[in-house]
Amino acid sequence: MIWHGYLLGGTGSNVYTRSLARAWQLLGHDVTVVSQEPRPELFDLGGAATVRPDIGDVLPVFVMDRYEGVAARRLPDLSVAQREEFVRRNASALRRVPADFVLANHVLLGAPVGAASGLPFAVKAHGSELEFAMRGNADLCAWALDTLAGARLVVAGSEHIRTVLDEVPGRGSYSHRVRVIPPGVDVEALVPAERGPALTALLAECRLDPPNPPDSHDERRPDAGNAERLAEFLDSDDPVVLYVGKLSAEKGVSLLLQAVSRLTARAVIVGFGPARAALAAQVRESGCVDRVLFTGPLEHRHLRHLWPVSRVGIVPSIFPEAFGMVAAEAASCGCPPLVARHSGLAEIADGLSAEYPERYRHLTGFRSGDVDDLTARLGELLALRPPEWARLSAAARRAVQANWGWQRVAGKILAGMAGSDN
């Protein structure tokens, strides 16, 4: 059983949950996903069962977003009684589902829910809970230490997150059970493709999107008219750079837009979040309206075709990241990523560098927050001749196959629960 306190679409931990469920199903296990997703039938879970607990009217979050039907409240702002009620309701739901063990997402509130369930449990630390809710909050850190003590396994997605666990809740009896197991990539679904067929498939997927009219716009769904907008925008010889992720200040999208304004390139910005209006204003002020397209959030059924029509995938985050799943996914599609070289993103850059020809290894990452360095390295990538770019594309794909396939990741977590490092 996988417990996840949120939805199944859009952001990293949501994608992690449904991808792991599908991978375990494909390995022959019976999986139940416990989440707050109201429409799980929209996602490929490989046949996993789904449960949506009644949590009442308060949803604890790390970063404020809008959620349908509940009041999102920052975890540090909740009372002890509210936190305990959330844990009680979720643990009760877990006890009603037959399972050999639970993987609970996020140190908080995953560890308390897992501990309260009475089932053998593992905890997946994602990073957002550590940085946005727990850092500097002694009460929450003490709660985490107390409940992590019962976990059979604590999964850190990178060495960076292992270090943050030592820093934020601090070392404890759980520490010797921490294993670094990076998130995975569906290497069978995310594959390189020729630009023409990929573009045709992308537009076909966009035409399947449900209506999202401006007068009742849902920021968690693709923008209206994406098929026509993308067809027109991509009908150009300018190379395309692609950003996929949250539209919030710490994600560094503003840096990317500055870099694009200095280069002969176009940018597709995929995602939702509180900074979208400010980023759109920045585009207007820079005079690059015809070279930047916002699409709203897209799913993997779109992205598996959008990455192959893009020249570079950019992850410009200025905030510590647990990993860099979208960078690995871009690489799986043969779209060379360029990441800010810090935290878990640096580990992605290192994995890519191991496969890149030596003279191109500096093109995996740039100095965090440095728009000049980003512009220079992005410019180099965009200037590569087709045979050179094809070598990087193939190398990026090899790096993913060697390090980050989901079946390999899923097997490692099961081995960790069994007390084996194999």
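Refer to the structure presented above.
Structure report, in brief. What you see is a predicted model; the values in this text were computed from it and never measured.

**Concerning the pattern of salt bridges**
Thought 1: Per the counting criterion, the structure on display carries 23 salt bridges.
Thought 2: Across the pair aspartate 139 and arginine 83 runs a salt bridge whose closest N-O atoms are separated by 2.9 Å. You can see aspartate 139 sitting in helix α5 (residues 138–148) and its partner arginine 83 sitting in helix α2 (residues 80–95), a full 56 residues away along the chain.
Thought 3: Close ionic contact of aspartate 372 with arginine 262 constitutes a salt bridge, the shortest N to O distance being 2.7 Å.

**Examining the sheet that holds strand β15 (residues 365–366)**
Thought 1: Reading across the sheet, the six strands line up as β12-β11-β10-β13-β14-β15 and stay open at both edges, with parallel pairing between neighbours. Whereas interior strands pair on both sides, the edge strands pair on one side only; in this sheet they are β12 (292–296) and β15.
Thought 2: The sheet strands contacting helix α8 (residues 226–233) are β11 (266–270) and β12, and the helix crosses β12 at an angle near 155°.

**What about helix α16 (residues 406–417)?**
Thought 1: Its twelve residues give α16 an end-to-end C-alpha distance of 17 Å, which sits within 8% of 16 Å, the value for a rise of 1.5 Å per residue.
Thought 2: Inspection of α16 places Trp406, Val409, Ala410, Ile413, Ala415, Gly416 and Met417 among the buried residues, and these make up the whole buried set.
Thought 3: Of the residues flanking the end of α16, it is glycine 419, one or two places downstream, whose phi is positive at about 85°.

**Section: the packing of α5 against helix α6 (residues 159–170)**
Thought 1: Closest axis-to-axis distance for the α5/α6 pair is 9 Å, and the angle between their directions is 115°. Within the contact between the two elements, α5 uses Cys141, Ala144 and Leu145 and α6 uses Val168, Pro169 and Gly170.

**Re the packing of aromatic side chains**
Any aromatic ring pair is given by two values, namely how distant the centres are and how the planes are angled relative to each other.
Thought 1: For the structure on display, the rule yields six aromatic pairs.
Thought 2: Both rings, one in tyrosine 16 and one in tryptophan 406, keep their centres 5.3 Å apart while their planes meet at 65°; by these two values the pair is edge-to-face. In this pair, tyrosine 16 sits in helix α1 (residues 12–26) while tryptophan 406 sits in helix α16, placing the two residues 390 residues apart along the sequence.
Thought 3: Each ring, one from phenylalanine 132 and one from phenylalanine 319, has its centre 4.8 Å from the other, and the planes form 15°; the classification is stacked. Taken together, the residues phenylalanine 132 in helix α4 (residues 128–134) and phenylalanine 319 in the loop between β13 (312–315) and α12 (325–332) connect sequence positions 187 residues apart.
Thought 4: The ring of tryptophan 143 carries the charged tip of arginine 83 above its face, separated from the ring centre by 4.5 Å.

Reading the values: rules and limits
- Residues numbered from 1 in each chain as written.
- Predicted model: local features only at pLDDT ≥ 70, side-chain atom pairs only at ≥ 80, totals over all residues.
- Heavy atoms only, no water.
- Salt bridge = Lys/Arg side-chain N within 4 Å of Asp/Glu carboxyl O.
- Helix = DSSP H or I, 4+ residues; strand = E, 2+ residues; numbered from the N terminus.
- Pairing = 2+ DSSP bridges.
- Contact = heavy atoms within 4.5 Å.
- Axes fitted to C-alpha atoms, helices over the stretch in contact; angles between N-to-C directions.
- Expected span 1.5 Å × (residues − 1).
- Buried < 20%, exposed > 50% of the residue type's maximum accessible area, 1.4 Å probe, protein only.
- Phe/Tyr/Trp six-rings, centres within 6.5 Å; stacked < 30°, edge-to-face > 60°.
- Lys NZ or Arg CZ within 6 Å of the ring centre and 35° of its normal.

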